[in-house]
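# A look at the structure
Here is how the chains run, residue by residue.
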Amino acid sequence: QGSLEETGGGFVQTGGSLKLTCTTSLSIHKYSLGWFRDRPGKEREFVAGINWGGGMTFDEDSVRGRFTISKNNAQVYLEMNNLEPEDTAVYYCGLDRSGTARRFANQYDYWGQGTQVTVSS
């Protein structure tokens, strides 16, 4: 059974930055990792993913070039810049054993507990 843990959430003002980290005991060299978020009243939505080879996918509508995903060894990062109140959410890291960083939450096999990001206006 694998495990994932997200850290780095917090409270920032509009325009601020945060860097989220996902640490896993599983081998990310074979699998893909994705960042999702739960915003109030909405279903879990895809934010960004990185596949086993390092290829990246973003949800362009929501992040508009403000977020960057990267990985090394057993960690995956989500750097978030120019944050907006609409980015307020619980952010989750998921692992997709297919290795292709798919966009739908039900395609992911493992999840962390989430980390809260709050952006004030």
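Here the structure is a predicted model, which is why all the values come from computation and not from measurement. Numbers given to residues run from 1 along each chain, matching the order in which its sequence is written. Owing to the predicted nature of the model, reporting of local features is limited to residues with pLDDT of at least 70; listing and counting of side-chain atom pairs is limited to 80 or more, with chain, interface and lining totals taken over all residues. For the side-chain quantities, the full set of heavy atoms in the structure was used; hydrogens and water were omitted.

Only protein chains enter the accessibility calculation, which uses a 1.4 Å probe. A residue is then buried if its area is under 20% of the maximum for its type, exposed if over 50%, and partly exposed in between. Numbering of helices and strands runs from the N terminus; a helix is a DSSP stretch of H or I covering at least four residues, while a strand is a stretch of E covering at least two. For strand S3 (residues 18-24), the tally of buried residues reaches 5 of 7 residues, placing the bulk of the element in the interior. In terms of strand pairing, strand S1 (residues 4-7) meets S3 through 4 bridges, oriented antiparallel. Across the sheet, the residue bridging to glutamate 6 is cysteine 22, located in S3. Note that S3 and strand S8 (residues 75-80) share 6 bridges and pair antiparallel. Looking at the pairing, cysteine 22 lines up with valine 76 of S8. Strands qualify as paired when DSSP identifies two bridges or more between them.

Our next topic: the state of the cysteines. By disulfide we mean two sulfur atoms from cysteines, separated by a distance within 2.5 Å. On inspection of all chains with the given rule, the structure shows 1 disulfide. Cysteine 22 shares a disulfide with cysteine 93; S-S distance 2.0 Å. In this structure, the disulfide formed by cysteine 22 and cysteine 93 twists by about -75° around the S-S bond and is classed as left-handed. Here the residue cysteine 22 occupies a position in strand S3, and cysteine 93 occupies one in strand S9 (residues 89-96), the gap between them amounting to 71 residues.

Turning to the side chain of glutamate 6, a few remarks are in order. Summarising the element assignment, glutamate 6 is placed in strand S1. Counted charges follow a simple rule, with Lys and Arg positive, Asp and Glu negative, and His plus the chain ends left uncounted. For this document, the term salt bridge refers to a Lys or Arg side-chain nitrogen within 4 Å of an Asp or Glu carboxyl oxygen. Buried charge without a partner: glutamate 6 forms no salt bridge, and the closest opposite charge is arginine 44, 7.2 Å away. In the analysis that follows, any N or O atom pair within 3.5 Å is treated as a polar contact, provided that within protein one partner can donate a hydrogen and the other can accept it, and provided that, for residues neighboring in sequence, both atoms belong to side chains. Among the polar contacts listed, one links the side chain of glutamate 6 to the backbone nitrogen of glycine 114, at a separation of 2.8 Å. Two residues qualify as a contact provided that any one of their heavy atoms is within 4.5 Å of a heavy atom in the partner residue. Glutamate 6 has contacts with Thr21, Cys22, Trp35, Tyr91, Tyr92, Cys93, Gly112, Gln113, Gly114 and Thr115, leaving out every residue within four places of it along the chain.

The subject of this paragraph is the side chain of serine 32. Tracing the chain through its elements places serine 32 in strand S4 (residues 32-38). The class for serine 32 is buried, based on a relative accessible area of 0%. Here threonine 100 takes part through its backbone nitrogen, which lies 3.4 Å from a polar atom of the side chain of serine 32. From its side chain, serine 32 meets the backbone nitrogen of alanine 101 in a polar contact 2.8 Å long.

This brings us to the packing of aromatic side chains. To pair, rings of Phe, Tyr and Trp, with the six-membered ring standing in for Trp, must have centres within 6.5 Å; the planes then decide the type, stacked if under 30 degrees apart, edge-to-face if over 60, and tilted in the middle. Counted under the stated rule, the structure contains 4 aromatic pairs. The interplanar angle of 75° and the centroid separation of 5.5 Å between the aromatic rings of phenylalanine 36 and phenylalanine 46 together place this pair among those described as edge-to-face. Of the two residues, phenylalanine 36 is situated in strand S4 and phenylalanine 46 in strand S5 (residues 45-50); the sequence distance between them amounts to 10 residues. Judged by its relative accessible area of 0%, phenylalanine 36 falls in the buried class. Ring geometry for phenylalanine 36 and tyrosine 108: centres 4.9 Å apart, planes at 80°, overall edge-to-face. Here phenylalanine 36 is found in strand S4, whereas its partner tyrosine 108 is found in the loop between S9 and strand S10 (110-111), with 72 residues between them in sequence.

One pass over the structure, following the stated rule, counts 7 salt bridges. Between glutamate 45 and arginine 37 there is a salt bridge; the shortest N-O distance is 2.8 Å. Between aspartate 109 and arginine 97 there is a salt bridge, and its shortest N-O distance comes to 3.4 Å. Residue aspartate 109 is located in the loop between S9 and S10, and its partner arginine 97 is located in the loop between S9 and S10; the two are separated by 12 residues in the primary sequence. Accessibility expressed as a relative area gives 47% for arginine 97, which makes it partly exposed.

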